[in-house]
Amino acid sequence: MTQPTALPAPSPPVSGPPSPSGDPRTSRVVLSRFLRHRLAVASLVVLLLLAVCCFGAAWIAPFPRNAQNLLAASQPPSGTHWLGTDSLGRDYLSEMLYAGQLSLAIGLGVALLATLVGTAAGAVAGYLGGWPDEVIMRVADLFLIVPPVAVLAVSLQGLGPSPLTIVVVLSSLGWTLIARVVRARVIQLRHQEFVEAARVIGASGPRIVVRHLLPNLTGLIVVNVSLSVATAIILESTVSFLGYGVQPPESSWGNMLTQAAGLIGTSQAYLLYVPGMAILVTVLAVNFLGDGLRDALDPQGRQ
């Protein structure tokens, strides 16, 4: 008698690329890779300190916001006023911290809103293809050729120079880049075996995008958020420096540059350099952090 032939073991289910947050071991690998990027770690520490100092200004700042003392106007740095005072006698360190609240809030708001819109648009365009792809990408191309500073300046003149207007306008201009990146990556992934397997078992298009495609775009999305913060802070500072942005009594690092622009060549020229250095340090830290996150979340670099 012939021996019965053993049935082959069932093949394991088809799965996609590992999600950055799905496996604790993968999360530990990502963390270890990030910690090896010393500039990124230092940048994260700097940004956390800036955020704590600026958003905690009500408890940290030595003087209240816009507290004027004309008898102490235009004083150099001292033990009482570490960065001196401006022409209205306001403590410059306190004003810097309160202005940082607005600059950082605008940067974070623009980054989150633009990334949300861009990710949704790019995922829909890449997954559906056809005429939805054409419409979304042609709209994105239209926004890409628009000069953001000019559009923001005109919008602020027409709608009023409020922080909300700045966030909405910059977000409506900034979603296009992440949309193109997400679209390209979704086009690469939509014909992978794990996506086809999800279709076979009856998963709907939205479920495939949300549960299977977007988790594999975490690295791209996180890096875009970090870099969008820097872009938004620079654009806000530019229009505020030109006089179209945030107006007194509200202040940002950009309009502090405007107020100190006439001090070049005087003994108080440092009042111009202090907000400029704050913008420079923040933008550099955000970019280094983005580099570290990109390296840590790169799927090709994982074990």
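What this report covers is the structure whose coordinates are included nearby. (Residues numbered from 1 in each chain as written. Predicted model: local features only at pLDDT ≥ 70, side-chain atom pairs only at ≥ 80, totals over all residues. Heavy atoms only, no water.)

### Here's the deal with the overall build of the protein chain
Item 1. Along its length, the protein chain carries 12 helices and 0 strands.
Item 2. For the protein chain, the α and β elements follow one another from N to C terminus as α-α-α-α-α-α-α-α-α-α-α-α.
Item 3. Burial analysis of the protein chain (303 residues in total) assigns 42% to the buried set.
Item 4. For the protein chain, the proportion of contacts with a sequence separation of at least 24, taken over those separated by at least 6, is 70%.
Item 5. In the form shown here, the protein chain has an accessible surface area of approximately 16,300 Å², with 68% of it arising from carbon and sulfur atoms. (Helix = DSSP H or I, 4+ residues; strand = E, 2+ residues; numbered from the N terminus. Buried < 20%, exposed > 50% of the residue type's maximum accessible area, 1.4 Å probe, protein only. Contact = heavy atoms within 4.5 Å. Areas by Shrake-Rupley, 256 points an atom, 1.4 Å probe, with all protein chains shown as cover.)

### Some details on the environment of tryptophan 82
Item 1. Looking at the secondary structure, you find tryptophan 82 in the loop between α3 (57-60) and α4 (92-128).
Item 2. Among the residues examined, tryptophan 82 registers a relative accessible area of 63% and is labelled exposed.
Item 3. Along the sequence, tryptophan 82 and tyrosine 92 sit 10 residues apart, while their C-alpha atoms lie 7.9 Å from each other.
Item 4. Residues within four places of tryptophan 82 in sequence aside, it is in contact with Pro77, Asp91 and Leu93.

### A word on the nonpolar core
Item 1. Phe34, Tyr92, Met96, Trp253, Met256 and Ile279 are the most contacted members of the largest nonpolar core, which has 30 residues in total.
Item 2. For this core, the elements supplying multiple residues, two or more each, are α1 (24-35), α2 (38-55), α4, α10 (218-241), α11 (253-260) and α12 (270-297).
Item 3. Broken down by element, this core gets its largest block of residues, 12 residues, from α12.
Item 4. Listed in part, the 15 residues of the second largest apolar core include Val186, Leu189, Phe194 and Ile221. (Core = buried A, V, L, I, M, F, W, Y, C linked by side-chain atoms within 4.5 Å.)

### Section: the side chain of glutamate 236
Item 1. One can find glutamate 236 in helix α10.
Item 2. No salt bridge is formed by the buried glutamate 236. Its closest oppositely charged neighbour is arginine 65, at 12 Å.
Item 3. Dropping the residues within four chain positions of it, glutamate 236 is found in contact with Ser103, Ile106, Ile166, Val246, Ser252 and Gly254. (Lys, Arg positive; Asp, Glu negative; His and termini not counted. Salt bridge = Lys/Arg side-chain N within 4 Å of Asp/Glu carboxyl O.)

### Looking at unusual backbone geometry
Item 1. A positive phi is found at asparagine 66, a non-glycine position, where the angle reads about 55°.
Item 2. Not every positive phi belongs to a glycine, and serine 74 is a case in point at roughly 55°.
Item 3. Locating serine 74 in the fold gives a position in the loop between α3 and α4.

### Description of the state of the cysteines
Item 1. Throughout the structure, instances matching the rule amount to 0 disulfides.
Item 2. Note on cysteine 53: no disulfide assigned, nearest cysteine sulfur contributed by cysteine 54 at a separation of 6.7 Å. (Disulfide = S-S within 2.5 Å.)

### Some details on the pattern of salt bridges
Item 1. Summed over the entire model, instances satisfying the criterion amount to 8 salt bridges.
Item 2. A salt bridge links arginine 90 to aspartate 86, with the nearest nitrogen and oxygen atoms 2.8 Å apart.
Item 3. Judged by its relative accessible area of 12%, arginine 90 falls in the buried class.
Item 4. Between aspartate 295 and arginine 294 there is a salt bridge, with its nearest N and O atoms 3.7 Å apart.
Item 5. Exposure remark for aspartate 295: the relative accessible area of 33% places this residue in the partly exposed category.
Item 6. Here the salt bridges share partners, and the residues they tie into one network are Glu134, Arg138, Asp141 and Arg180.

### Here we look at a nonpolar patch on the surface
Item 1. Together, Val46, Tyr273, Met277, Leu280, Val281 and Leu284 make up an exposed nonpolar region whose accessible area comes to about 520 Å².
Item 2. Ranked by the residues each element gives to the nonpolar patch, the list is headed by α12, at 5 residues.
Item 3. Counting through the fold element by element, tyrosine 273 comes out in helix α12. (Patch = residues over 30% accessible without salt bridge, like charges linked within 9 Å, V, L, I, M, F, W, Y side chains within 5 Å.)

### Digging into the packing of aromatic side chains
Item 1. What the rule picks out here adds up to 1 aromatic pair.
Item 2. A ring pair is formed by phenylalanine 143 and tryptophan 175, whose centres lie 5.9 Å apart and whose planes are at 65°; its orientation type is edge-to-face. Within this pair, whereas phenylalanine 143 is found in helix α5 (residues 130-144), its partner tryptophan 175 is found in helix α7 (residues 163-189), the two being separated by 32 residues in sequence.
Item 3. Residue classification places phenylalanine 143 among the partly exposed residues on the basis of a relative accessible area of 27%. (Phe/Tyr/Trp six-rings, centres within 6.5 Å; stacked < 30°, edge-to-face > 60°.)

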